[in-house]
Amino acid sequence: MKSISNDVKCYHCGDICFDSGIKIEDKNFCCNGCKTVFEILDKNNLCQYYDLNKLPGNTIETAAFQDKYAYLDQKEFADKFTQFSNGNQVFTSFQIPGLHCSSCVFLLENLYKILPGIIRSEVFFQDKRIKIVFDKDVTNIREIVITLSRLGYEPNLSLAKESETDESSKMERSMILKIGVAGFCVGNIMMLSLPDYLSLGYLENFVKLKWTFNIAAFLLSFPALWAAAIFFKSALSALKQRVLVIDLPIALAIAITFLRSVYEVFVRHESGYFDSMSGIIFFMLIGRYFQFKATNRLNYQNDLSSYFPFVVNVKKEDAIHPTALEDVKKNDIILIRNGEVVPADGILLSETAELDCSFLNGESETILCMKGEQIYGGSRLLGSSIELYVDRVCDKNYFARLWNNAHYIYKEDVFKQHYINFINKYFTLGLLVISVGVLGFWLFVDTSRLWNALTSILIVACPCALLLSASFTYGAILGILRKNGFFAKDANTLELLSGTDVIVFDKTGTISAQAHSSVEYHGRELAHYEKKILATLAFQSNHIYSKQLLHFLNEQAGLPVEHFKEIPHEGVEAIVGGIHVKLGKQSYVDIDGILEKCPSSSVYFSLEGVPLGYFKMFAAWRPGFIELAEQLKKRNYQLYLLSGDKPTEDKLLKKTFGESMYFSQTPMQKRTFIQTLQQKGKKVIMIGDGLNDAGAIKQSDVGIVLTDNTNNFLPACNAILKGTRLNHLMDFIEVAGRSKRIVHISFLISLIYNVIGLYYAVQGILNPMIAAILMPASTISIVLFTSIASYYTGRKYLKDLDKKDDKNHISL
């Protein structure tokens, strides 16, 4: 057997090295993949990569990228990743899940030194995305993807994510442009207004100069009005639906202020209020952008293209033809490889297939299918490649029927009246009633005060402070929650979350965590190199037990692997570091029954044909879940468990949920259960992780998807919760409730300001100029209060979550 030194680590990734001869000068490497990456960097004078961070590299799982991405040579597929083409220059971008440090950024922004033809590359670290410009006469998209993969940064190729990102980028650019235009206008208009404010009437002696300033301010108001189009469109759309929304008062205030200003400038030859109008627009756009940035990183409304591969290998006349998913037809024969999602319903042509169907039915156990049996789209293949005869294509298969079920589609309600809109509905009605009343009163009493009173009312009672308080509060809280692993979709989610009284949990993948499952070893003590061998073999398999075993062994998988073989529902074997290893059932590993028979789920292993021990697998719950359940019950939350799994007698579950556990639940039964609770007047949170939970998540008042990887496909939902932060759910609910309290206080401050201002405005004794000065001052004070209060709330409830959960950290 091979020897090992604990002091010898891979120069690239830091893994422990066996003395297998993989070495360059004084630098040792754990595998040929790491050695290849070093040679690439060294050849291109990029070894500064190793100076930026200690052991920054990623271990390369495989070098077989040439065939995997062969389809990108076809123009129809390559064009899908082309964002823009200008002559020979082509612009493209990819999501890179493996980005994790400054060394990654350095390396990827120096791709032009590695692959001829790349003109430049730019990394967007927060989005885990790289944008590349290349010369199509020198290189192509396939070569770029292969190069990235060889370096350990394999792109996540998903057309749905690309289109979502493009749309999000367009929206962000549009908002930034409008904020810039509004800021330019308000700054220059205020500068033009200062002489009038500070001259104490002396500017009246310079008629032409004053007229020039007023006309310049008038002209500058039009670009600001263009930037405000978003408010007018929203208000008009709402009025067509006979609904009062948050944008109507602000649009009304902008319009009235503009018209009054035009009257002042061209009829009375006085200064207008264009600075106030542009200030309203500028501050409101900043608030909108703040909230947009807090929620735009994740997609809460996925479609089928997010889950299925966009290219399928179709077998025709003994040749494999990469084919777009939408072009796959009934009666085609398709090839599916290990780890890939089955894109269509069909008949299995291979002898056997082991499938993970947990995303469809919620069951953690894998399914073994035999030749001739039906396989459903949405399953994930584990083990050897298979051939499938297609009888129902993607948009008509079981997965699609389940996904397109009306109960599973998360419908957006554009005019949903949450708390803020409820308040502003009556604020707007009240303001309109007061305005009409004042109009009628001064029309008959003193027409000289009429215009002054009406304009002052609409300016001083403008709900800008009211609206900005909610926008800035929820925008800040959404950003704080996002940084701590809770990705709420919008302000409405926070309001609903704080008013719930029932929480329903899914079991598999939600409260149970494969990475933290309990493993118990039985057998002779293992040497360090033996653990390394077992970890390397387990790393080759996607089986749930392999993942649990890999976590239990806590060893890096970096040894050379030859002759790997996986037999579904039996086990795996390979030559690892020159040693023959088997992992699997006792009947597969220990044919002669040398070891004791274990009645529970277990994995046996042998080295060089000698059975040496076995690992017992136990279900385990996410760290801190039991404590979370106790906290929730103390806050009078009712807890339920809904699972597609078979019944379990787990004592901890019994203690936590009592009799409120329901097993073998179909997706429709889960949705009906939530609906029944709501009919009893309950406000329900549903927490799940798969499509089998999608109907219940949509039906619930707040649907939360739990995930350990936000790059994965997720059902539509109100919020996405990082798996390692489930134990802090109570903290997130508390913060949501506190954010509502901050808005309450800011509403009260704004209301007091409006009452005082209206008291003078309705009498016609408040000059619109004074009202215009007071309005932004009030707005700024409200924004400062909400920002400070939001920051304090985040610090109080979510302080040091990263330190507490550092051991369980999973990068987004």
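Up top is the structure these notes are about.
Sequence order as written defines residue numbering, which begins from 1 separately in each chain. A pLDDT threshold of at least 70 governs which residues receive local features in this predicted model, and a stricter bar of 80 or more applies before side-chain atom pairs are shown or counted, although totals over entire chains, interfaces and linings include all residues. Remark: hydrogens and water are excluded; side-chain values derive from all non-hydrogen atoms of the structure.

Asker: Please explain unusual backbone geometry as it appears in this structure.
Answerer: Phi is positive for N331, close to 80 degrees, though the residue is something other than glycine. Following the sequence through the fold, N331 ends up in the loop between β10 (319-324) and β11 (333-336). For helices the rule is a DSSP run of H or I covering at least 4 residues; for strands it is a run of E covering at least 2, with both sets numbered from the N terminus onward.

Asker: What exactly am I supposed to notice about the packing of aromatic side chains here?
Answerer: Aromatic ring pairs are described here by two measures, namely the spacing of the ring centres and the angle between the planes. Any two of the Phe, Tyr and Trp rings considered here, Trp counted by its six-membered ring, make a pair once their centres fall within 6.5 Å; the pair's planes then place it as stacked at under 30 degrees, edge-to-face at over 60, or tilted in between. Considering all chains together, one arrives at 22 aromatic pairs under this definition. Seen in terms of ring centroids, F218 and F266 are 5.0 Å apart; in terms of plane orientation they differ by 80 degrees. Their pairing is edge-to-face. Taken together, the residues F218 in helix α7 (residues 207-227) and F266 in helix α9 (residues 247-266) connect sequence positions 48 residues apart. Given the relative accessible area of 14%, F218 is considered buried. For the ring pair Y640 and F673, a centre distance of 5.3 Å and an interplane angle of 70 degrees mean the geometry is edge-to-face. Residue Y640 is located in strand β26 (residues 638-642), and its partner F673 is located in helix α23 (residues 667-679); the two are separated by 33 residues in the primary sequence. Here Y640 and F673 have matching classes, each one buried. Chaining the aromatic ring pairs together yields one cluster made of W211, F218, F222, F258, F266 and F274. Relative accessibility thresholds used throughout: buried, under 20% of the residue-type maximum; exposed, over 50%; partly exposed, between the two (1.4 Å probe, protein chains only).

Asker: When you look at the pattern of salt bridges in this model, what are you seeing that I'm missing?
Answerer: Close approach of charged atoms allows side chains with opposite charge to pair. The salt bridge definition used is simple: a Lys or Arg side-chain nitrogen within 4 Å of an Asp or Glu carboxyl oxygen. Following the criterion strictly, the structure yields 12 salt bridges and no others. With its nearest N and O atoms 2.6 Å apart, the salt bridge here joins R260 to E264. Taken together, the residues R260 and E264, both in helix α9 and four residues apart, mark about one turn of the helix. The shortest N-O distance in the salt bridge between E530 and R524 comes to 2.6 Å. Since its relative accessible area comes to 2%, E530 is described here as buried. With relative accessibility at 39%, the residue R524 sits in the partly exposed group.

Asker: What's the story with helix α5 (residues 141-150) in this structure? I'm lost.
Answerer: An α-helical turn contains 3.6 residues, so any two residues separated by three or four positions project in the same direction. Across the 10 residues of α5, eight count as buried, placing the element largely inside the fold. Along α5, the positions that sit buried rather than exposed are I141, R142, I144, V145, I146, T147, L148 and S149. Polar contacts, as used here, are pairs of N or O atoms within 3.5 Å; protein pairs need one atom able to donate a hydrogen and one able to accept it. Residues neighboring in sequence count only if both atoms are side-chain atoms. Where α5 begins, one side-chain oxygen reaches toward the backbone nitrogen of R142, 3.1 Å away; that side chain belongs to N140. Downstream of α5 by a residue or two, G152 has a phi angle that is positive, lying close to 95 degrees.

Asker: How do you make sense of a nonpolar patch on the surface when you look at a structure like this?
Answerer: Residues enter a patch when their relative accessible area is above 30% and they make no salt bridge; the linking distance is 9 Å between like charges and 5 Å between nonpolar side chains (Val, Leu, Ile, Met, Phe, Trp, Tyr). Throughout, the Shrake-Rupley method with a 1.4 Å probe supplies accessible areas, and for residues the shown protein chains are the sole cover considered. Taken together, the side chains of L748, L751, I752, V755, I756, Y759, Y760 and I765 make up a nonpolar region of the molecular surface, amounting to roughly 820 Å² of accessible area. By the element assignment, I756 lies in helix α25 (residues 729-761).

Asker: Looking at this model, I keep getting lost on the sheet that holds strand β7 (residues 118-124). Mind explaining?
Answerer: Two strands in a sheet stick together by hydrogen bonds in their backbones, pointing the same way (parallel) or opposite ways (antiparallel). One requirement defines pairing of two strands: DSSP has to find at least two bridges between them. Taken together, four strands build an open sheet; the order of strands is β5-β6-β8-β7 and the sheet is antiparallel. Two strands close off the open sheet at either side, each with one partner strand: β5 (84-86) and β7. Sheet twist, expressed as the mean angle between neighbouring strand axes with direction ignored, is 20 degrees. Note: β7 against strand β8 (residues 129-135), six bridges, orientation antiparallel. Its bridge partner being in β8, I118 is matched across the sheet by F134. By definition in these notes, contact holds between two residues if any of their heavy atoms fall within 4.5 Å. Lines fitted to C-alpha atoms define the axes here, with helix axes fitted over just the stretch in contact, and angles between the N-to-C directions of these axes take values from 0 to 180 degrees. α5 rests against β6 (89-95), β7 and β8 of the sheet, and its axis sits at about 35 degrees to β6.

Asker: Explanation requested: the environment of A353 in the structure shown.
Answerer: Assignment of secondary structure puts A353 in strand β13 (residues 352-356). For the pair A353 and N338, spaced 15 residues apart in sequence, the C-alpha separation works out to 10.0 Å. Look past the residues within four positions of A353 in its chain and what remains in contact with it is L348, I367, L368, C369, I375, L381 and I386.

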